[in-house]
There are 2 protein chains.
Amino acid sequence: MIKVLIVDDHEVVRQGLRFVLDQEEGIEVVGECPDGGRALAAVRALRPSVMLLDMVMPGMDGLEVLRRLGPDRPAVIVLTSFQEDERVVAAVRLGALSYLPKTTAVDRVVEAVRAAARGGSVLEPGIAALLVRQVRRGERRSRLDALTPREREVLTALAKGRSNGEIARSLSLGKETVKTHVSSILAKLGVADRTQAAIVGLQQGLVPLDEALLEADGSQE
Amino acid sequence: MIKVLIVDDHEVVRQGLRFVLDQEEGIEVVGECPDGGRALAAVRALRPSVMLLDMVMPGMDGLEVLRRLGPDRPAVIVLTSFQEDERVVAAVRLGALSYLPKTTAVDRVVEAVRAAARGGSVLEPGIAALLVRQVRRGERRSRLDALTPREREVLTALAKGRSNGEIARSLSLGKETVKTHVSSILAKLGVADRTQAAIVGLQQGLVPLDEALLEADGSQE
DNA sequence: GAGGCCCTCCCCCCGCGGAGGGAGGGGAAA
DNA sequence: TTTCCCCTCCCTCCGCGGGGGGAGGGCCTC
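As the structure is a computational prediction, the values presented were derived from the model and not from experiment.

A. Just the overall build of chain A, in detail. Per the secondary structure count, chain A includes 12 helices and 5 strands. Per-residue burial over chain A gives 51% buried out of 221 residues. Nonlocal contacts in chain A, meaning residues at least 24 apart in sequence, comprise 61% of its contacts between residues at least 6 apart. Carbon and sulfur atoms make up 52% of the accessible area of chain A, which amounts to about 9500 Å² in all.

B. Region of interest: helix 2 (residues 36–46) of chain B. Residue and element names in this part refer to chain B. Of all the residues in helix 2, the buried ones are Gly36, Ala39, Leu40, Ala42 and Val43. Across the axial projection of helix 2, the buried residues extend over an arc of 165°, all falling on one side. Along helix 2, the residues that are exposed and aim more than 90 degrees away from the buried face are Arg38, Arg44 and Ala45. Packing partners of the buried residues in helix 2 comprise strand 1 (2–7), strand 2 (27–33), strand 3 (50–53) and helix 3 (62–68). By the N-cap criterion, in which a side-chain oxygen at the helix start approaches the backbone nitrogen of a residue two or three places on, helix 2 is capped by Asp35, the distance to Gly37 being 3.1 Å.

C. Main features of unusual backbone geometry. With a phi close to 55°, Ser172 of chain A is a non-glycine residue in the positive phi region. The residue Ser172 of chain A is located in the loop between helix 9 (164–171) and helix 10 (175–189) in this model. The backbone of Arg47 of chain B shows a phi angle near 50°, a positive value even though the residue is not glycine.

D. View of the nonpolar core. Core analysis: the largest hydrophobic core is formed by 48 residues, its most contacted members being Val4, Leu52 and Val113 of chain A together with Val4 and Val113 of chain B. Other than its neighbours up to four places away in sequence, Val113 of chain B contacts Ile2, Val4, Leu21, Ile27, Val50, Leu52 and Ile77 of chain B. Within the second largest apolar cluster, 47 residues are counted, among which are Leu155 and Leu213 of chain A together with Ala168 and Ile185 of chain B.

E. Representation of the sheet that holds strand 1 of chain B. Residue and element names in this part refer to chain B. Taken in spatial order, the 5 strands of this open sheet run 2-1-3-4-5, and their pairing is parallel. If you trace the sheet from one side to the other, it starts and ends with strand 2 and strand 5 (98–101), each paired once. This sheet shows a mean twist of 20° between the axes of neighbouring strands, independent of strand direction. Of the pairings in the sheet, the one linking strand 4 (residues 75–80) to strand 5 comprises 4 bridges and is parallel in character. Its bridge partner being in strand 5, Ile77 is matched across the sheet by Ser98. Relative to strand 1, helix 2 is tilted by about 165°, and along the sheet it contacts strand 1, strand 2 and strand 3.

F. The arrangement of the protein's contact with DNA strand D in detail. Lining the immediate environment of DNA strand D, one finds 17 residues, of which Thr148, Gly174 and Thr177 of chain A together with Lys179 and Arg194 of chain B sit closest. Here the atoms of DNA strand D within 4 Å of the protein split so that 70% fall in sugar or phosphate, with bases taking the remainder. In this structure, Gly174 of chain A approaches DNA strand D through a main-chain N or O atom, which is 2.7 Å from a phosphate oxygen. Residue His181 of chain A places a side-chain N or O atom 3.1 Å away from a phosphate oxygen belonging to DNA strand D. Sorting the residues of the surface near DNA strand D by element identifies helix 8 (149–159) and helix 10 of chain A together with helix 9 (175–189) of chain B as the ones contributing at least two each. Of the residues belonging to the surface near DNA strand D, the class tally is 4 nonpolar, 8 polar and 5 charged.

G. Representation of the packing of helix 9 of chain A against helix 10 of chain A within the structure. All names here are of chain A. Between helix 9 and helix 10, the shortest axis-to-axis distance is 8 Å and the interhelical angle comes to 110°. In terms of orientation, helix 9 and helix 10 fall into the roughly perpendicular class. For the crossing formed where helix 9 meets helix 10, the hand is right-handed. Here helix 9 contributes Asn164, Ile167 and Ala168 to the contact with helix 10, which in turn contributes Lys175, Val178, Lys179 and Val182. Tallied by class, residues from the contact of helix 9 with helix 10 come to 4 nonpolar, 1 polar and 2 charged.

H. Representation of the environment of Thr104 of chain A in the model. Here Thr104 of chain A lies in the loop between strand 5 (98–101) and helix 5 (106–117). Here the alpha-carbon distance between Thr104 of chain A and Ser81 of chain A, two residues 23 residues apart in the chain, equals 10.0 Å.

I. Inspection of the UniProt feature "modified residue: 4-aspartylphosphate" (unreviewed entry) in chain A at higher detail. Residues and elements named next belong to chain A. Within the UniProt annotation, "modified residue: 4-aspartylphosphate" (unreviewed entry) is assigned to Asp54. Residue placement: Asp54 occurs in the loop between strand 3 (50–53) and helix 3 (62–68). Those residues in contact with Asp54 that lie beyond four places of it in its chain are Val7, Asp8, Asp9, Gly62, Leu79, Thr80 and Lys102.

J. Highlighting the protein's contact with DNA strand C. Close to DNA strand C lie 17 residues, the nearest being Arg194 of chain A together with Thr148, Gly174, Glu176 and Thr177 of chain B. Each atom of DNA strand C within 4 Å of the protein was classed as base or backbone; sugar and phosphate made up 67%. In this structure, a phosphate oxygen belonging to DNA strand C sits 3.1 Å away from a side-chain N or O atom of His181 of chain B. Looking at the surface near DNA strand C, the elements with two or more residues in it are helix 10 of chain A together with helix 7 (149–159) and helix 9 of chain B. For the surface near DNA strand C, the class distribution of residues is 4 nonpolar, 8 polar and 5 charged.

K. Looking closely at the sheet that holds strand 5 of chain A. All names here are of chain A. Pairing is parallel in the open sheet, where 5 strands are placed in the order 2-1-3-4-5. In the strand order of this sheet, the two ends are held by strand 2 (27–33) and strand 5, each with one partner. Going across the sheet, the axis of each strand differs from the next one's by a mean of 20°, ignoring polarity. The pairing of strand 3 with strand 4 (residues 75–80) spans 4 bridges and is parallel. In the strand pairing of strand 4, Val50 is matched with Ala75. Those strands touched by helix 1 (residues 11–22) are strand 1 (2–7), strand 2, strand 3 and strand 4, and its axis lies near 165° from that of strand 2. The strands that helix 2 (residues 36–46) touches are strand 1, strand 2 and strand 3; relative to strand 1, the one it contacts most, it runs at about 165°.

Thresholds applied
- Residues numbered from 1 in each chain as written.
- Chains lettered and ligands numbered in written order.
- Predicted model: local features only at pLDDT ≥ 70, side-chain atom pairs only at ≥ 80, totals over all residues.
- Heavy atoms only, no water.
- Helix = DSSP H or I, 4+ residues; strand = E, 2+ residues; numbered from the N terminus.
- Buried < 20%, exposed > 50% of the residue type's maximum accessible area, 1.4 Å probe, protein only.
- Contact = heavy atoms within 4.5 Å.
- Areas by Shrake-Rupley, 256 points an atom, 1.4 Å probe, with all protein chains shown as cover.
- Arc of directions from axis to C-beta.
- Polar contact = N/O pair within 3.5 Å; in protein donor to acceptor, adjacent residues only side chain to side chain.
- Core = buried A, V, L, I, M, F, W, Y, C linked by side-chain atoms within 4.5 Å.
- Pairing = 2+ DSSP bridges.
- Axes fitted to C-alpha atoms, helices over the stretch in contact; angles between N-to-C directions.
- Near = heavy atom within 4 Å.
- Nonpolar A, V, L, I, M, F, W, Y, C, P; charged D, E, K, R; others polar.
- Parallel < 35°, antiparallel > 145°, perpendicular 65-115°, else oblique.
- Left-handed = near helix turned anticlockwise from the far one by under 90°.
- UniProt positions renumbered as here; feature names shortened; annotations may be inferred.

Have a look at this one:
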C-alpha cells in the first residue's frame, strides 16, 4: 500500500487529487495539508511514502519544505502550476523525484506516484527540456553565485524596481554604499545598467515576476 | 438547473471542480475545456449560464476569452491561482462577476456559482481589498492599453534592457524621440523610472522573461 | 476647415546613476 | 600575523535619463 500525503493550498486541487488517487488500487491518501508547516508535521506523524508537493503556497513554500525534510523523507513529487526554470532545478537539487506541471494528465500523476514509491522519476518532456536548457545556461548562474550576500540583497531590491535611495533606506545604508554594491553587481553580471541587472535578477528568480513592483508603492500606503 | 462550463488547463482542477459541483443540487456541469479557444466554442455550443474561467492558460488566456465573449455571455467567475493586481481589475472591467483565488474553500465556489446564476458577485475579502487599493491608486498598470502603438514598441525594447540610444538605432529614430516616448510611457504607467517600466512590460508579457536580455548582450559576446 | 491625437524632433535643466579611486574596520583563512 | 575579501563610506567626474516646455507635419474625425 502506497501511503500518499497531498500538500497544496488549493482545496479544489486537493479534492481532485484525492478523488483520482483514491480510485487507484494500492494507493491510499493518508492526509492533506494546505501549507508547508503542517506538511512537515504530517510527514513526521503519518510517515507517508510519497508526498505530492505544491511549490507556491502561503507561508512556507514547497522549496522550503524540501529543504527542511529530514533524512528519512518520503519520495517527493513536485506538482506545480507553472514552470519556473530555477524552481525546477532547485527542486530537483533538493531531492524531488518528479516535477510535474498541474497541466499533466491525471494518469501521469498516478504513474508518477507509483514510480516514486519505487524511487523512480517521471519527467514531462517539457520539464526535461527545461532541465537541459537550464544546465546549458549554467555559466550565467555561476555569475550570480559570484555575488556576495550583500550584493544579492541589493540585486533583489533592484529587481523590485527600487532606486538607490530607496534601497539605501530599506537596508539602512548610505546611498554611496548602495552605489558601490550596484557597481560591482553590474561588473560581476556583465551588464550595462541597473535595468539589465534587474532583468537578470528576475530571470534568476530572486524575485517572482508578479511580486516585482508590489511593495514598491505598497509600503507607503 | 444552472449549467456550468469549466475552463482550466489543469485536469486535476477540472476534476476537482466537477466532483464538487456535481454533488450540488440544481447545478450541472455541462462541459470542460482546457484552453480558451475551445472555451469560446463551447460557450456557443452549450450555452452555459455560468462559466468558471482560469486566467493562466496556454494559448488564449482568460483575459482574452473575456474580451472575445459575445454580448449574450454566460456569467463569468474567474478562478485563478494567484492574485495579480492588474489582472483582477482587468477581469472585473471585462465583465467578470466574481474573482476567486483557487485557495478559496469549495463551498465558497459553490456559493459563487449560485450567486453568478442570479447575476450576483462573491468577492473574497482579499480580492475586495485589492480592488479598492487598485482603484484608489488611480488604476496604473491596466492602462497598458492607453499606450500608443509606438509607445508599446518602445516599452518592448525597454523591457529587453535596451538604452535609449540602442532603442533609437533599432527603431531608426532620433534619441530625443525615444526620450519623448519613454517620458509618456512612464507617465501613463504611473511608474518612476525605466526599470519599473521594464518590469511592467515583462509582467504584461510584452517580452517573455527568458528572452529579455538575449539579444542585448548576445550581440557583443 | 478646425480640432484632435500621434509621431517626430528640438531646446534647457538637473539630478540620479555609474565609473574610478581611496580608505578604514572586521572576519576568515593562510 | 599577514593577507584577502567583504562591508561600509567618502570623493570627483560626467553622461544618460527624465521633466517641462515647444513645434511642425500627418492623419482622422467632426
